[in-house]
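Close look at the chain arrangement
If you want the building blocks of each chain, they are given just below.
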2 protein chains.
Amino acid sequence: MSIITILGAGAMGSGLCTPVRNAGWEVRLWGTWLDDHLIDACEAGKPHPRTNVPLAKGVKLFRAAQLEKALDGADVVVMSVASVGVPKITEMALEGISKAKALWLTSKGFCPNNEGKIQLLPEAIRTIAKQKGISLPPIVAIAGPVKANECAEGKPTATIFGCKDLEVSRKYAREARTDVYCIEATDDETGVEICAPMKNVYAIALGIADGLEEGTGFPHHNLKAATFNRAVKEMSLLGQALGAKAETAFGLPGVGDLEVTGLSGRNKVYGVRIGRGETAKDALAEMDRLEQTVEGVPAAGLASTLVEQSAPQLKEELTLLKAVNEILSGTERPVVKVISDAVLPKMP
Amino acid sequence: MSIITILGAGAMGSGLCTPVRNAGWEVRLWGTWLDDHLIDACEAGKPHPRTNVPLAKGVKLFRAAQLEKALDGADVVVMSVASVGVPKITEMALEGISKAKALWLTSKGFCPNNEGKIQLLPEAIRTIAKQKGISLPPIVAIAGPVKANECAEGKPTATIFGCKDLEVSRKYAREARTDVYCIEATDDETGVEICAPMKNVYAIALGIADGLEEGTGFPHHNLKAATFNRAVKEMSLLGQALGAKAETAFGLPGVGDLEVTGLSGRNKVYGVRIGRGETAKDALAEMDRLEQTVEGVPAAGLASTLVEQSAPQLKEELTLLKAVNEILSGTERPVVKVISDAVLPKMP
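Keep in mind it's a predicted model, so treat the numbers as computed, not measured.

To continue, consider the state of the cysteines. Residues and elements named next belong to chain B. Evaluation of the coordinates by the stated rule reveals 0 disulfides over all chains. Here Cys-151 is not disulfide-linked; the sulfur of Cys-17 is the nearest cysteine sulfur, at 9.2 Å. Judged by its relative accessible area of 4%, Cys-151 is buried.

Given below as structure tokens:
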């Protein structure tokens, strides 16, 4: 029985326990120093506070101080903390990770290094390891349309594993697969990593289109569909500029994940508020008050910096990314106009 | 001022009047013998019964008997009747069409010829013209995420014009464009024509995934997203087998139109009924009783025949099309299982 140690006991970390446990792995779930209340609930057999679903049976729980024990003998380590915590947890777990056969990555986001350069998370992790002179096993980027609560509940779920070594993606896509958790394999690590944070940015725009119905009394479904279409196109363009395959954005990490993110979730809800007439600033303050983190907001700014640094030829071309940033910074123009100008086809 | 004659005074025909009128065309709207009540409402200045939006100002109305007059001197003729009526209206209007500079086509569907061979509508129209020895102007296939009521209302809308002669697509994409009705141009007539009926089939599957929440008490968003992803993939595969470009399904006619169709509309509503537990047969009877035509139902059967005739190598590969047909024919298996098996990734 292979051993998998999941670092981070939040929604995705705990949700992933269900399929890997059902696939026959020994599963260890390690909580950070911020996760004690989550571990408490799991230990007491209560539903996990973030997914509302009890943890899969037989998962071994570890608290912050037990990191070394949690990692001891792990075949696979999964980085599953919030993206902002990835550098710190990587440093703490580096020795255990280096002894594993693979590092899986469900954390998603853009990570500025000390010089302000925006990196994707695998690059950030590799940089840290290199600085410490420690060699890493292959990284497997995990993405696709996976709401953690449904994954935890064992509902049908499609996901994708992206590792530069396709044989490694395939191996784990087979070994972690269950009847209801089914995994595509790709070698396009970059494509997978780009789509995940970008879809949060674009989900805000989809929410805005939804909110316009409430704000104006008339649906804007055509605009929402054009926005969806444009978002997919821009994920593909940005991915390609950074070395990804065009098709990755047209599959589970792009089209699929944008579908599920635009259907519900906090980025969409935040967009709806703006669409119905709140200012971006007021809407964010209200989300903060409700303790609803809107990942797409910082991601939009970081994406814009990433484009300037690493794909400057796309600066004017990613019109929807630009539009979202214009709206977030408090535009004077009506939001329907800002989105329309960004997503409707240009004169051919 | 160019003259455009729209054949068919239903939702799409009347909706299209708004942008072409605003783009400065002389617009004539001709109603078939089934459309008298629609023309009555428009003449009385009431909202159009199908879109709930008054017809654009300055549109000239023609009744069934005035076809010749409606076509006289038309630069562009638009076929905008239900797909089942296309052969008949083509025959009736053939002379007028032959004198125009282009035939636009908003009707969408599969059209069996007299030998039972399934044709796309442009092919069906060309076959009829050839039989009569009459030559046709270029055909411009029109598709994309366009709900007619929003188009009529002047809400922001993206669409795509597909003509084998790209210069013709481009010309009309420029000439019919307004600030809010914006048109992409492509030479992929086949790609555009394939996506439109197929998205109705796949919208049933999206509806089923939605309905599962009501039927089981638990959302199936991951499954819905995987279904969306699979539908896009299958539209691309089928298109390519018939000579289309892969990318067309990843753009407005595929991803975009599926988004808007899966968001609302009768195919989706029908799917929801099945997802929550009604049999396909009972659900269809209820839709019939409510006078709600579900275009995806006949399209699913015709698509399956089309695949057998023209793309037999895809027969087993289009798993979601197969699943929808299995469900429509009254499967014994739980629908969640039928859809899951069709859309979740296979063992890599």
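Read on for the rest.
All names here are of chain B. The buried count for strand 8 (residues 139–143) comes to 5 of 5 residues, which makes it a mostly enclosed element. With burial as the criterion, each face of strand 8 is covered, one bearing Ile-139, Ala-141 and Ala-143 and the other bearing Val-140 and Ile-142. Bridge count for strand 5 (residues 102–105) against strand 8 is 3 bridges, and the pairing is parallel. Paired with Leu-105 across the two strands is Ala-141, which belongs to strand 8.

Opposite the 51 residues of chain A that make contact, chain B presents 51 residues. Between chain A and chain B lies a buried interface of about 4200 Å² when both sides are counted; carbon and sulfur atoms form 66% of it. Together, Asn222(A), Pro345(A) and Pro348(A) form the three largest contributors to the area buried by chain A at its contact with chain B, with a combined 17%. Counting the contacts that link chain A with chain B gives 0 salt bridges. Linking chain A with chain B are 16 residue pairs in polar contact (both at pLDDT 80 or more). Here the side of chain A that touches chain B takes 9 residues from helix 9 (residues 221–241) of chain A, the largest share from any one element. Tallied by class, the residues present in the side of chain A that touches chain B amount to 28 nonpolar, 11 polar and 12 charged.

What counts as what
Residues numbered from 1 in each chain as written. Chains lettered and ligands numbered in written order. Predicted model: local features only at pLDDT ≥ 70, side-chain atom pairs only at ≥ 80, totals over all residues. Heavy atoms only, no water. Disulfide = S-S within 2.5 Å. Buried < 20%, exposed > 50% of the residue type's maximum accessible area, 1.4 Å probe, protein only. Helix = DSSP H or I, 4+ residues; strand = E, 2+ residues; numbered from the N terminus. Pairing = 2+ DSSP bridges. Contact = heavy atoms within 4.5 Å. Buried area = accessible area lost by both parts, 1.4 Å probe. Salt bridge = Lys/Arg side-chain N within 4 Å of Asp/Glu carboxyl O. Polar contact = N/O pair within 3.5 Å; in protein donor to acceptor, adjacent residues only side chain to side chain. Nonpolar A, V, L, I, M, F, W, Y, C, P; charged D, E, K, R; others polar.

Function cannot be read off these values alone, since they describe shape.
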